[in-house]
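Structure assessment
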Amino acid sequence: MDESMKKNILLLFASLPLLLCHVALAQPAVGFWGGLNRASLRGDAPEEASYSTRMCFSGGAVGEFNLTKDVKLSFQPAYFQRGSKIAFAVPDQDEPRDSLQVKLDYYSVPVLLKIVSGNGKTYVTSGLDFGILSRAELSNLNNDEPAQDLKNIFKDFDLAVNFGFGAMLPLGSPLLTLELRYSQSLANLSSGGENAAGSALPERFRNSGLQLLAGLLWPLHK
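Just so it is clear, the model here is predicted, and its values are computed rather than measured. The numbering scheme is per chain: residues are counted from 1 as the chain's sequence reads. pLDDT decides what is reported in this predicted model: residues at 70 or higher carry local features, side-chain atom pairs at 80 or more are listed and counted, and totals for whole chains, interfaces and linings draw on all residues regardless. For side-chain calculations, the full set of non-hydrogen atoms in the structure is used, while hydrogens and water are omitted.

The subject of this paragraph is the side chain of Ser99. Helix numbers and strand numbers start at the N terminus; a helix is a DSSP run of H or I with at least 4 residues, a strand a run of E with at least 2. If you trace the backbone, Ser99 turns up in strand S6 (residues 97-116). Only protein chains enter the accessibility calculation, which uses a 1.4 Å probe; a residue whose area is less than 20% of its type maximum is buried, one above 50% is exposed, and one in between is partly exposed. You can call Ser99 buried: its relative accessible area is 12%. Note on definitions: a residue-residue contact is assigned when non-hydrogen atoms from the two residues lie within 4.5 Å. Other than its neighbours up to four places away in sequence, Ser99 contacts Ile86, Ala87, Phe88, Ser139, Asn140, Leu141 and Asn142.

Rendered as structure tokens:
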């Protein structure tokens, strides 16, 4: 990613609160959410190894407004923990053992279409997630050595597609939202660089994750 594109993306994130405030004046609901992310990497794995899941956290704000009666456009600026464990085959053991862990932190903006059912209690959602990498580390699960910085072998920007199914339950004024969402990167995350000890990852891999999310949503008008 060149410097000009980085500046444009950072400007988008910096101006996002003002954009959301402007949108909030015309949209029916704002709120916040948080949840668990069962994250992993997908694609080529290191030799004699496989990726396994890492449980991590996510959270953010939400602002949405109606496009039609049953279709909403939702902006969800968020902080996401992603990554994966890496399991290697061990002699005399039937299953590979988790030995390394990749920790990835992203600031992202999922932009989603939300289609609400006729009864107003369930919905399906899909859209794109635009993310900027803030941290990438590799740690050894079998010792206490400091984690290695991996940012130079990851691209700064990630674009993912999201699919989800959710339910909305009224709690007086706010709505409690519960959602199961799947996320999958659309592009290769590898920048082709190497860390100081040599890359522990191959040249092609992507983020994926199954997220369980809960939030509160306040309608701004009836």
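Next comes the rest of the description.
Another aspect to go through is the pairing of strand S11 (residues 205-219). Pairing between strands is defined by DSSP: at least two bridges between the two strands are required. In the sheet, strand S1 (residues 29-43) pairs with S11 via 15 bridges, with the strands oriented antiparallel. Paired with Arg42 across the bridge in S11 is Arg206.

Another point: the packing of aromatic side chains. When the centres of two rings from Phe, Tyr and Trp lie within 6.5 Å, Trp using its six-membered ring, the rings pair. Their planes under 30 degrees apart give stacked, over 60 give edge-to-face, and anything left gives tilted. By the definition in use, this model includes four aromatic pairs. For the ring pair Phe32 and Trp218, a centre distance of 5.9 Å and an interplane angle of 35° mean the geometry is tilted. A residue pair is termed long-range when its members are at least 10 positions apart, and Phe32 in strand S1 and Trp218 in strand S11 qualify at 186 residues. On the basis of relative accessibility, which here comes to 45%, the residue Phe32 falls in the partly exposed class. Since its relative accessible area comes to 32%, Trp218 is described here as partly exposed. When the ring of Trp33 is compared with that of Phe80, the centres are 5.7 Å apart and the planes differ by 45°; the resulting orientation is tilted. With a gap of 47 residues between them, Trp33 in strand S1 and Phe80 in strand S5 (residues 78-88) connect regions that are remote in the sequence. Assessed through its relative accessible area of 8%, Trp33 is described here as buried. For Phe80, a relative accessible area of 0% puts it in the buried group. The aromatic ring of Tyr106 is capped on one face by Arg82, whose charged end is 5.3 Å from the ring centroid. The ring of Tyr123 carries the charged tip of Lys114 above its face, separated from the ring centre by 4.4 Å. Two conditions define a charge located above a ring, namely a distance within 6 Å from the ring centre to NZ of Lys or CZ of Arg, and an angle within 35 degrees of the ring normal.

We call a set of buried residues a nonpolar core when its members are Ala, Val, Leu, Ile, Met, Phe, Trp, Tyr or Cys and they connect through side-chain atoms within 4.5 Å of each other. Among the nonpolar cores identified, the biggest contains 24 residues, and Val102, Leu104, Phe154 and Leu201 are the most heavily contacted of them. Contributing elements (two or more residues each) for this core: S1, strand S2 (49-52), S5, S6, strand S7 (122-140) and S11. At four residues, S6 tops the list of elements feeding residues into this core.

As a further point, take the pairing of S1. With 11 bridges joining them, S1 and strand S3 (residues 54-66) adopt antiparallel strand pairing. Counterpart to Val30 in the pairing with S3 is Gly63.

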